[in-house]
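Listed below, chain by chain, are the residues.
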Amino acid sequence: MPPTDPIIPARRRVFESVFSPASLEDFNTNRSATGPTSSSPFSSKSSSSQPRAQYTGHRRSRSSTTSQLTDPASTAHEPWHDQATWDRAWRTATRFLSVPDRELDIGALGQDIEETRLLRHFNRHTRPSKDVTAALAFLTAPLSQGGPDAAPRSIIDWYGYEIRRHFLKNFRGSLHALLNHPEEDQLLQKIVHCLQFARRIYFSPLVEYVLPLLSLGGEERAFIKLRRGFHMMVAYALPWPQFSVLLTREFARDSLTILGIDTLTEEIFEDALSVENMEIDHQYSVSYQDWRDAPSDEFRLQMMSDEGETRVTAARERLLTLLHGLQLVGLGGEKAQKVFAGVMNTMMSEFIRAAYTNQWEGPSLASSHLRHWIENVFARLVVQVLSVINVPESGQKEPGQLDVNLNDVEKWQDIGISRLGALRTSELFDVIVEWPASSGAIEDLRQFITYPAARSHLTHSFVATLNRRLLHPGASTVEILQVYISIIRSFNLLDPKGVLLDRIARPIRRYLRDRDDTVRVIVGGLLADPTDADAQASSNGDKLVELSAELTKAHQNSLRGEKGELDWDDMNWLPDPVDAAPDYRKSKTSDVIGSLISLFESKEMFVKEMQNMLADRLLQKRADYDQEMSVLELLKLRFGDNALQACEVMLRDIFDSRRVDAVVRNDQGLAREQSTVNPSTPALGAKRPAGRDIPDLHAKILSHFFWPEIQEQEFRVPGDIVQLQQRYAAGFGSLKQSRKLTWLNGLGQVTVELDLEDRVFVNEVTTWQATVIYAFQSPSGDSISLTIDDLTSQLSMSPSLVRSACLFWVSKRILIEGPRDTYRVLEVLPNEGDETAASGSADIPGTDEDGATSADAAQAAAAADAAAAAAAKESAEAAAMEKMNLYWQFIVGMLTNQGAMPLQRIVMMLKIAVPGGFPFSNEELREFLAGMVSRGKLEIVSGGSYKIVQ
Amino acid sequence: MDYAMEDTQNAAPEARESSKLSSGAQKNDTQSVTKRLQAELMQLMLSPSPGTSAFPDADGNLLSWTATITGPTETPYEGLTFKLSFTFPNNYPYAPPTVLFKTPIYHPNFDFSGRICLDILGEKWSAVYNVQSVLLSLQSLLGEPNNASPLNAQAAELWDTDKEEFKRLVLARHRDIEEIE
């Protein structure tokens, strides 16, 4: 305690009794020389405890010397004397405590010297004189509180008003101005600084000189009261909505760094950086990728601690300092906690998004990583922050009370896990598409879907995604089925009970049922060769090759024997999830094949498609049909023997045919030339146009009843072949009585050997192609030319088919088109010059013969293909007409029995009555009916109704 | 008294149970009936027999049809067309359809409201019969009435005694269905 000059207060008292209190002496140089006090530690309550102790001692000594002022016994009985004393003391004290009105230069804050100057500026650089001290002691003495005139004035209350007045007058405006420029950097720091300064102005004299005079309890009360007043003022001066925005921004910026989220986001852009660089940089890393790659658990633990990472430490330091400041000026506490909670909430989502998006590898460590992060990084920050801003108003915290306890951390972990689940749910479609490379994501989801709300959220959002991204006309059936297969597989892992799958699958199945080609794709996939699955899986877009692999696999699984719910020894049994419907039962057909097969109500469609597919494949010339056999056997396990009876008969036909074929050929002496084995369908003739011995004829004998209808092209086969066929039929007749052979000439393969002047051509072609080339054979060896019309009438073949065959032979450079639609045999391959002339194409300079030839051939081959396609289309159209005839029967029946009907009604009735539905639109039907009207079979009566002409 | 109480208590759930069962069975029945009728319709369309035709009504459930029979040549009904209504029970084909002539007809085995006396539509019905066989039977019945069990005694008598008068009455009775409507 520095000694004070006793003369000066005495003189001052005299002076004051004459003049009213003024601020004239505010800048008493004499006093200012006593040295700066600004360095006194007022910054917090705890740090002020030491000076307080000093003043307490001082007061005691004072009361013994100036008993006149402080002795309660003497003052209590002399009111008039008290009044004057009191007034004088009041004046002295208030003048000392009052704060002059000055504008605050915010820019000057932050520099030590400037602050000292400013403090002086605000009358805060003085030490109290003896008088002042005495006056303060008098005013704060317990009995003088009431004052002689019973006025409820206390120096503390007055000081509270003074603070308020001064703050509102001088600081509020500039603070407001600051707030209105929210884009400014470091704004929050400035505000806090400014407020801290204000606090120092107001509270330093209080803490230093006034409070020590009070009794222990009163001291505490008075301080809290004033502090509360100050905090309220601050809160009033800084509108919370605006301020909270600032605070949020500040929190967010620093916590992004502290929590490591900023490095995660950067990583996405800097992935290409060199590996060494990464290893040095990411000593501290919250990246999931690094976590996964970490060699050991200890290393993982280390990764999360930020020791030595200066950037993070700095950010942490900055944030905590700021929070200290906030807390001091009353901007901390609950409001700041709320803002902080909001920020941390966002941070968690942000972290999960940044860390785990697209990280789907299995086995998944994401949830343990997340738990670890929350415990070590997230919770750590929360603890640090809360220890600053979660101080109860009473001051010190109770020692046993924790800001964050273990339950809280666990709760956060649960929140984190469910956020992770939400993220995975939103990614689920992509996860499924990537399956099985994305099994980790499914594991994450598994932890998420433990309660019904999460499950229903999952199904709802996933179904919505499916509808948006998959179940639309842009996706091919193969794609949809592929995704569906992935869904089945992944959901079986996700929820082995199948309840979720059941819900997800419904819309897909409904949609697939509406697609025309679903059955075809599935059956095609089942029959595909699994051995080329690997080769084709990526490239082949129109076959579900994996289905056949799945079929084999599923069969192996089923061999293990599944007793389902009735297996009492099943140690892995789980009850159905709570959200399962009461009557829910996992269908036995929950594997991929079963699900696909059960898509349609009846197995008939499958079996029918299976027959078609099988027919195509069995009629090909192949050494064995093992693949078909095994698929059929496997399918029989699922469909039962009866459903696939037709298919089995088809297979047996093929095997029987081999035996029968050998027997018949033997019996009829057809087997003289065994040099080339030439299996073929009943339609087949194997011909040697060059007129060597008798061609080989092999037949496949099909049981007509069990085979699907086969579209075929009718034409006349060459005479040689007809003879062979007759002999063959006779042989067959003797072998199998009461059976009759009908030759299907359109099907089959022929090995043709063409002996031309300069070359021999051997190839396997279709029967109609062989028939056409056979027609060009002349007994005399002369070259003959035939037109399309000639061939059409000669062979009773449809013109389009003839043209297709001719183009085929042109592409093989056997025939050549002379005048349009006229063909002749190209006995000698022309040289280059001839060729360009013959083919009529322009001579391209620099093209050698091979190039030109191959180009020509390719062109011709393309033309042949196109022609074949046209022929096929023609026959398909004929088939469609055939179908239309059937519909015509329906229409006749309808109109005969129900009387005249309008078009709409006819369409409606057809849709009901025709099995399999009516595939044509109203317009097509109208056209068709118009044709019938013009043919006189229908008439249109009143009201546009159609009526049968009797 | 107590027994009665117990009875009702016991009976109630059982009754409900059985009604549930039967409704399920009924639903199945309807499905199989529809399927069968669809198949029959398909067969009729693919191989129509001359002079007969049938098609479901427009009510959409396939359980009621209208059929048309043209009178066979060299009978009094030659050149006339008759409309019939078929109503199939839910347990078809295990019970016969109800067949009625909509067109007024004068015939020994059909009465004036169109009811038909034909054994296969009654006690001789069998599940192997179908719409087509019923129509063929009716068509042949037009040419050869079964006078042993007539519904129209006068017609039966006239058929044997006075063909001319019979034919006159047939033509007098016949109306085209469009005319009636």
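This text goes with the structure placed above it.
First, a word on scope: everything that follows refers to the structure included in this document. (Residues numbered from 1 in each chain as written. Chains lettered and ligands numbered in written order. Predicted model: local features only at pLDDT ≥ 70, side-chain atom pairs only at ≥ 80, totals over all residues. Heavy atoms only, no water.)

### A look at the overall build of chain B
So, point 1. When its secondary structure is counted, chain B shows five helices and four strands.
So, point 2. Going residue by residue from the N terminus, the α and β elements of chain B occur as α-β-β-β-β-α-α-α-α.
So, point 3. Per-residue burial over chain B gives 41% buried out of 181 residues.
So, point 4. The contacts of chain B with a sequence gap of at least 6 include a subset with a gap of at least 24, amounting to 56%.
So, point 5. Summing over all exposed atoms, chain B offers an accessible surface of approximately 10,000 Å²; the carbon and sulfur share of this is 53%. (Helix = DSSP H or I, 4+ residues; strand = E, 2+ residues; numbered from the N terminus. Buried < 20%, exposed > 50% of the residue type's maximum accessible area, 1.4 Å probe, protein only. Contact = heavy atoms within 4.5 Å. Areas by Shrake-Rupley, 256 points an atom, 1.4 Å probe, with all protein chains shown as cover.)

### Comments concerning the overall build of chain A
So, point 1. When its secondary structure is counted, chain A shows 39 helices and seven strands.
So, point 2. The buried share of chain A, reckoned over its 950 residues, is 46%.
So, point 3. Within chain A, contacts between residues separated by at least 24 positions form 72% of all contacts whose residues are at least 6 apart in sequence.
So, point 4. Element-wise, carbon and sulfur atoms account for 54% of the exposed surface of chain A, whose accessible area totals about 48,200 Å².

### Comments concerning the sheet that holds strand S4 (residues 815-817) of chain A
Residues and elements named next belong to chain A.
So, point 1. With respect to topology, three strands assemble into an open sheet ordered S3-S5-S4, the strand pairing being antiparallel. With one partner strand each, in any of the chains shown, strand S3 (785-787) and S4 form the two edges of the open sheet. Here the average twist between neighbouring strands, direction ignored, is 30°.
So, point 2. Where S4 lies against strand S5 (residues 822-825), three bridges are found, and the strand directions are antiparallel. Note on S5: the bridge partner recorded for Glu817 is Tyr823.
So, point 3. Contacting S3 and S5, helix H34 (residues 788-795) crosses the sheet at an angle of about 80° to S3.
So, point 4. Across the face of the sheet, helix H35 (residues 799-811) comes into contact with S4 and S5 while running at roughly 110° to S4. (Pairing = 2+ DSSP bridges. Axes fitted to C-alpha atoms, helices over the stretch in contact; angles between N-to-C directions.)

### Notes on the packing of aromatic side chains
Geometrically, a pair of aromatic rings is defined through the distance of the ring centres and the angle of the planes.
So, point 1. The full count for this structure, using the stated rule, is 23 aromatic pairs over all chains.
So, point 2. Between the aromatic rings of A:Phe761 and A:Trp809, the centroid separation amounts to 5.8 Å while the plane-to-plane angle is 75°, which identifies the pairing as edge-to-face. Remark: A:Trp809 occurs in helix H35 and A:Phe761 occurs in strand S2 (residues 760-766); sequence separation between them is 48 residues.
So, point 3. For A:Trp809, a relative accessible area of 0% puts it in the buried group.
So, point 4. Both rings, one in B:Trp159 and one in B:Phe166, keep their centres 5.1 Å apart while their planes meet at 80°; by these two values the pair is edge-to-face. (Phe/Tyr/Trp six-rings, centres within 6.5 Å; stacked < 30°, edge-to-face > 60°.)

### A closer look at the interface of chain A and chain B
So, point 1. At the junction of the two partners, chain A supplies 16 residues and chain B supplies 19 residues.
So, point 2. For the pair chain A and chain B, the summed buried surface comes to about 1,500 Å²; carbon and sulfur atoms form 64% of the total.
So, point 3. Summed over the three residues of chain A that lose the most area to chain B, namely A:Asn897, A:Gln898 and A:Ile912, the buried surface amounts to 33% of that side.
So, point 4. Here chain A is connected to chain B by zero salt bridges.
So, point 5. Contributing elements (two or more residues each) for the side of chain A that touches chain B: helix H37 (849-898) and helix H38 (903-913) of chain A. (Buried area = accessible area lost by both parts, 1.4 Å probe. Salt bridge = Lys/Arg side-chain N within 4 Å of Asp/Glu carboxyl O.)

### Some words on the sheet that holds strand S1 (residues 52-56) of chain B
Backbone hydrogen bonds hold the strands of a sheet together, and the pairing may be parallel or antiparallel.
All names here are of chain B.
So, point 1. Read from one edge of the open sheet, four strands run S1-S2-S3-S4, paired in antiparallel fashion. Either end of the sheet is taken by a strand with one partner, and the two such strands are S1 and strand S4 (98-101). Between one strand axis and the next, the sheet turns through 20° on average, direction left out of account.
So, point 2. Across four bridges, strand S3 (residues 81-87) lies against S4 in antiparallel orientation. Opposite Thr87, over in S4, you have Thr98 as the bridge partner.

### Re unusual backbone geometry
So, point 1. The step from B:Tyr92 to B:Pro93 runs through a cis peptide bond, and the omega angle for that step is 5°.
So, point 2. The phi dihedral of A:Ser796 is positive, around 50°, even though this residue is not glycine.
So, point 3. Given a relative accessible area of 36%, A:Ser796 falls into the partly exposed group.
So, point 4. Here the phi dihedral of B:Glu74 falls at roughly 60°; this positive angle occurs in a residue that is not glycine.
So, point 5. Here B:Glu74 lies in the loop between strand S2 (64-70) and S3.
So, point 6. Overall, the relative accessible area of 77% leaves B:Glu74 in the exposed class.

### Topic: the pattern of salt bridges
Residue and element names in this part refer to chain A.
So, point 1. Under the counting rule described, the total for this entry stands at 17 salt bridges over all chains.
So, point 2. A salt bridge links Asp254 to Arg318, with the shortest nitrogen-to-oxygen separation between them at 2.5 Å. Residue Asp254 is found in helix H12 (residues 240-258), and its partner Arg318 is found in helix H17 (residues 310-328); the two are separated by 64 residues along the sequence.
So, point 3. According to the relative accessible area criterion, Asp254 is buried, its value standing at 0%.
So, point 4. Overall, the relative accessible area of 36% leaves Arg318 in the partly exposed class.
So, point 5. Salt-bridge contacts for Asp408 lead to Lys411; the nearest nitrogen and oxygen are separated by 3.9 Å. Of the two residues, Asp408 and Lys411 are both situated in helix H20 (residues 406-434); the distance of three residues between them amounts to about one turn of the helix.
So, point 6. Residue Asp408 is classed as partly exposed on the basis of its relative accessible area, which comes to 22%.

### Thoughts on the environment of B:Val33
Residue and element names in this part refer to chain B.
So, point 1. Relative to the assigned elements, Val33 resides in helix H1 (residues 2-46).
So, point 2. Residue classification places Val33 among the buried positions, given a relative accessible area of 1%.
So, point 3. Sequence separation between Val33 and Asn90 is 57 residues, and the spatial gap between their C-alpha atoms is 6.7 Å.
So, point 4. Contact partners of Val33, with chain neighbours within four places excluded, come to Leu63, Pro89, Asn90 and Tyr92.

### Some thoughts on the pairing of S1(B)
Residue and element names in this part refer to chain B.
So, point 1. The element S1 is extensively covered by neighbouring structure, given that five of its five residues are classed as buried.
So, point 2. As paired elements, S1 and S2 share five bridges and run antiparallel to each other. If you follow Ser53 over to S2, its bridge partner there is Thr68.

### Brief notes about the nonpolar core
Residue and element names in this part refer to chain A.
So, point 1. Phe167, Ile191, Tyr202, Phe230 and Phe243 are the most contacted members of the largest nonpolar core, which has 90 residues in total.
So, point 2. Among the elements that make up this core, the one with the highest residue count is helix H10 (residues 187-210) (14 residues).
So, point 3. Here this core spans two domains, and each of domain 1 (83-238) and domain 2 (239-274 + 281-431) adds at least three residues to it.
So, point 4. Aside from chain neighbours lying at most four places away, what touches Ile191 is Leu175, Leu178, Leu179, Leu238, Phe243 and Leu246.
So, point 5. Grouped together as the second largest cluster of nonpolar side chains are 72 residues, Val431, Ile432, Leu632 and Phe639 included. (Core = buried A, V, L, I, M, F, W, Y, C linked by side-chain atoms within 4.5 Å. Domains from an automatic or database assignment.)

### Quick look at the pairing of strand S6 (residues 938-941) of chain A
All names here are of chain A.
So, point 1. As paired strands, S6 and strand S7 (residues 945-948) are joined by four bridges and run antiparallel to one another. Across the sheet, Ile940 pairs through a bridge with Tyr946, a residue of S7.
So, point 2. From the end of S6 to the start of S7, which pair antiparallel, there are three residues, and Gly943 there has a positive phi angle of about 80°.

### Regarding the side chain of A:Thr771
So, point 1. Topologically, A:Thr771 is positioned in helix H33 (residues 767-775).
So, point 2. From its side chain, A:Thr771 meets the backbone oxygen of A:Thr767 in a polar contact 2.7 Å long. (Polar contact = N/O pair within 3.5 Å; in protein donor to acceptor, adjacent residues only side chain to side chain.)

### Here we look at the packing of helix H18 (residues 333-356) of chain A against H20(A)
Residue and element names in this part refer to chain A.
So, point 1. Put simply, H18 and H20 touch, their axes get as near as 10 Å, and they point 50° apart. By the angle between their axes, H18 is oblique relative to H20. Relative to H20, the crossing made by H18 is right-handed. Across the interface between the two elements, Asn345, Met348, Ser349, Ile352, Arg353 and Tyr356 from H18 touch Trp412, Ile415, Gly416, Arg419, Leu420, Leu423, Arg424 and Glu427 from H20. (Parallel < 35°, antiparallel > 145°, perpendicular 65-115°, else oblique. Left-handed = near helix turned anticlockwise from the far one by under 90°.)

### Quick look at the environment of A:Val499
So, point 1. Mapped onto the elements, A:Val499 comes out in helix H24 (residues 499-514).
So, point 2. Along the chain, A:Val499 and A:Arg455 lie 44 residues apart, while their C-alpha atoms are 9.7 Å from each other.

### Observations concerning H35(A)
So, point 1. In this model, H35(A) (13 residues) spans 18 Å end to end at C-alpha, consistent with the 18 Å of a helix rising 1.5 Å per residue.
So, point 2. With its phi angle positive at about 60°, A:Arg813 sits one or two positions after the end of H35(A). (Expected span 1.5 Å × (residues − 1).)

### Observations regarding helix H25 (residues 518-527) of chain A
So, point 1. Of all the 10 residues making up H25(A), nine are buried; the element is thus mostly covered by neighbouring parts of the structure.
So, point 2. Burial in H25(A) covers these residues: A:Thr518, A:Val519, A:Val521, A:Ile522, A:Val523, A:Gly524, A:Gly525, A:Leu526 and A:Leu527.

### Considerations on the packing of helix H21 (residues 439-448) of chain A against helix H23 (residues 477-494) of chain A
All names here are of chain A.
So, point 1. Contact geometry for H21 and H23: axes closest at 9 Å, N-to-C directions at 45°. Classified by the interaxial angle, the pair formed by H21 and H23 is oblique. Along this stretch, H21 crosses H23, giving a crossing that reads as right-handed. Residue-level inspection shows Ile442, Leu445 and Arg446 of H21 in contact with H23, the latter providing Ser490, Leu493 and Leu494.

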